[in-house]
Amino acid sequence: MKWTESLSVGNDYIDEQHKEWIRRINDLLEAYNQKRGKEKVEEAMEFVKKYTVTHFSAEQELMKKYKYPEYEIHKQIHDNFIKEVNELDEKIKKEGPTLTNLMTVVKVNIFLYKKWNIILYKKCTKRHSKNC
């Protein structure tokens, strides 16, 4: 996945987090593609796992601060995604960097892309921008 301005949500802080997340997901995919081994894949996955929690926490704080009415829905989406990332991490630790696990990483990437392109989400996060 590549960052483009079309993925911007209008909040520099969140945009920078999204850019870092894309870099790290791409690092994880690259570790798979270059067959760097279980250790490198696990290392990349560990960062993605921690950063997911950090990033979603930051988003949720903004949603609460601005009293976003769909907060509970987004929090549930975030919680489900964190659960999926944790399950993927466990699978990678148990099974190693398999093709099935690679496909799950691709699924994570697709989720992120869709997440940023949901109009409701963009409106939500833009509402949190400095210009609100």
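Look up a bit, the structure's there.
Right, let's walk through the structure included here. (Residues numbered from 1 in each chain as written. Predicted model: local features only at pLDDT ≥ 70, side-chain atom pairs only at ≥ 80, totals over all residues. Heavy atoms only, no water.)

Time to look at the overall build of the chain. Scanning the chain for helices and strands turns up 5 helices and 0 strands. Ordering the α and β elements of the chain from the N terminus gives α-α-α-α-α. When each of the 132 residues of the chain is scored for burial, the buried share is 42%. Contacts in the chain between residues far apart in sequence, at least 24 positions, make up 72% of those at least 6 positions apart. For the chain, the exposed area adds up to about 7,800 Å²; of that, 54% sits on carbon and sulfur atoms. (Helix = DSSP H or I, 4+ residues; strand = E, 2+ residues; numbered from the N terminus. Buried < 20%, exposed > 50% of the residue type's maximum accessible area, 1.4 Å probe, protein only. Contact = heavy atoms within 4.5 Å. Areas by Shrake-Rupley, 256 points an atom, 1.4 Å probe, with all protein chains shown as cover.)

What follows is about the packing of aromatic side chains. Within this structure, the stated rule accounts for 4 aromatic pairs. Their ring planes at 80 degrees and their centres at 6.1 Å tell us that W21 and F81 sit as a pair that is edge-to-face. Taken together, the positions of W21 in helix α1 (residues 12–33) and F81 in helix α3 (residues 71–95) put the pair 60 residues apart, joining distant regions of the chain. In this structure, W21 and F81 share a single accessibility class: buried. Their ring planes at 65 degrees and their centres at 5.7 Å tell us that F56 and F81 sit as a pair that is edge-to-face. Taken as a pair, F56 in helix α2 (residues 38–65) and F81 in helix α3 lie far apart in primary sequence, 25 residues in all. By relative accessible area, F56 is classed as buried at 1%. Assessed through its relative accessible area of 4%, F81 is described here as buried. (Phe/Tyr/Trp six-rings, centres within 6.5 Å; stacked < 30°, edge-to-face > 60°.)

All right, on to the environment of T4 then. For T4, the location among the structural elements is in the segment before α1. By relative accessible area, which is 34% here, T4 ends up partly exposed. Separated by 15 residues in the primary sequence, T4 and K19 have C-alpha atoms spaced 9.2 Å apart.

Turning next to α1. If you check α1, its first and last C-alpha atoms are 31 Å apart, about what 22 residues at 1.5 Å a residue would give, namely 32 Å. Three or more residues of α1 are buried, namely I14, D15, Q17, H18, E20, W21, I22, I25, L28, L29, A31 and Y32. The backbone nitrogen of Y13 has a side-chain oxygen 3.1 Å away, supplied by the residue at the start of α1, namely N11. (Expected span 1.5 Å × (residues − 1). Polar contact = N/O pair within 3.5 Å; in protein donor to acceptor, adjacent residues only side chain to side chain.)

Among the nonpolar cores identified, the biggest contains 19 residues, and W21, L28, Y32, V41, M45, I92 and V105 are the most heavily contacted of them. Among the secondary structure elements, those contributing two or more residues to this core are α1, α2, α3 and α4 (99–117). Leaving out residues up to four positions away in the same chain, V41 has contacts with L28, A31, Y32, I92 and P97. (Core = buried A, V, L, I, M, F, W, Y, C linked by side-chain atoms within 4.5 Å.)

Counted by the stated rule, this structure contains 11 salt bridges. Note that R24 and E20 form a salt bridge whose closest N and O atoms lie 2.8 Å from each other. A residue pair is termed a helical-turn pair when its members lie 3 or 4 positions apart in one helix, as R24 and E20 do in helix α1 at 4 residues. Exposure remark for E20: the relative accessible area of 17% places this residue in the buried category. One salt-bridge network, in which partners are shared between bridges, spans E46, K49, K50, D89 and K93. (Salt bridge = Lys/Arg side-chain N within 4 Å of Asp/Glu carboxyl O.)

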